[in-house]
Amino acid sequence: LESLLDFYARDLMGLDGGTRCMLSFHPSMSTTRDVVREAIIPLSRLPDGSGGVSLATMWNQGERVRADRMVTHAWSNVFTHLVAAIVA
């Protein structure tokens, strides 16, 4: 949860000295699809260009960690709503 909130605040909103990785992000309009294609996929590419891994794996310094919970979502929903549902 902490990593997700840090991603939202620093990488999407540019808060706490973060660098916005998705300049087009708008909290009330950007969909999950937008965030995945414009932020998550680019952030989860391997440095050598050979592919990518899940962003969660990147956040865990390359270590795969089994999820404790499954969250279902719709690609067309507003990403902020997904984050709010996870926090709730």
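Presented here is a report on the structure given in the accompanying data block.

**Structural notes on the environment of Arg69**
Line of reasoning, step 1. With respect to the helices, strands and loops of the structure, Arg69 is situated in the loop between α3 (55-59) and α4 (79-87).
Line of reasoning, step 2. Judged by its relative accessible area of 70%, Arg69 falls in the exposed class.

**A word on the packing of helix α1 (residues 2-12) against α4**
Line of reasoning, step 1. Packing of α1 against α4 brings their axes to within 11 Å, and their N-to-C directions diverge by 150°. Relative to α4, α1 is oriented roughly antiparallel. Relative to α4, α1 is oriented so that their crossing is left-handed. Only Phe79, Thr80, Val83, Ile86 and Val87 of α4 make contact with α1, whose side of the interface consists of Leu4, Leu5, Phe7, Tyr8 and Leu12.
Line of reasoning, step 2. Residue classes in the contact of α1 with α4 are distributed as nine nonpolar, one polar and no charged.

**Looking at the pattern of salt bridges**
Line of reasoning, step 1. Going through the model one piece at a time under the given rule, you end up with one salt bridge.
Line of reasoning, step 2. In this structure, Arg10 and Asp6 form a salt bridge, with 3.7 Å as the shortest nitrogen-oxygen distance. Within this pair, Arg10 and its partner Asp6 are both found in helix α1, separated by four residues, close to a single helical turn.
Line of reasoning, step 3. Residue classification places Arg10 among the partly exposed residues on the basis of a relative accessible area of 36%.

**Considering the layout of surface pockets**
Line of reasoning, step 1. Estimated volume of the largest pocket: approximately 1100 Å³.
Line of reasoning, step 2. Lining the largest pocket are 24 residues; nearest its centre among them are Leu4, Ala56, Trp59, Val71 and Ile86.
Line of reasoning, step 3. The set of elements that each furnish at least two residues to the lining of the largest pocket consists of α1, α2 (32-43), α3 and α4.
Line of reasoning, step 4. When its residues are assigned to classes, the lining of the largest pocket shows 16 nonpolar, five polar and three charged.

**What to know about unusual backbone geometry**
Line of reasoning, step 1. Positive phi outside glycine occurs at Asp16, with the angle close to 55°.
Line of reasoning, step 2. With respect to the secondary-structure elements, Asp16 resides in the loop between α1 and α2.
Line of reasoning, step 3. Residue classification places Asp16 among the exposed residues on the basis of a relative accessible area of 70%.
Line of reasoning, step 4. You will see that Gln61, though not glycine, has its phi angle at about 50°, which is positive.
Line of reasoning, step 5. Relative to the helices and strands, Gln61 is located in the loop between α3 and α4.

**With respect to the environment of Ser50**
Line of reasoning, step 1. One can find Ser50 in the loop between α2 and α3.
Line of reasoning, step 2. Assessed through its relative accessible area of 54%, Ser50 is described here as exposed.
Line of reasoning, step 3. Here the side chain of Ser50 touches Asp48 through a polar contact of 2.6 Å, side chain to side chain.

What counts, and where the lines are drawn
Residues numbered from 1 in each chain as written. Predicted model: local features only at pLDDT ≥ 70, side-chain atom pairs only at ≥ 80, totals over all residues. Heavy atoms only, no water. Helix = DSSP H or I, 4+ residues; strand = E, 2+ residues; numbered from the N terminus. Buried < 20%, exposed > 50% of the residue type's maximum accessible area, 1.4 Å probe, protein only. Axes fitted to C-alpha atoms, helices over the stretch in contact; angles between N-to-C directions. Parallel < 35°, antiparallel > 145°, perpendicular 65-115°, else oblique. Left-handed = near helix turned anticlockwise from the far one by under 90°. Contact = heavy atoms within 4.5 Å. Nonpolar A, V, L, I, M, F, W, Y, C, P; charged D, E, K, R; others polar. Salt bridge = Lys/Arg side-chain N within 4 Å of Asp/Glu carboxyl O. 1 Å grid on protein atoms, 1.4 Å probe; cavity = no way out; pocket = protein on both sides within 12 Å on 5 of 7 lines; lining within 4 Å. Points joined across faces, edges and corners; volume = space filled by probe spheres on them. Polar contact = N/O pair within 3.5 Å; in protein donor to acceptor, adjacent residues only side chain to side chain.

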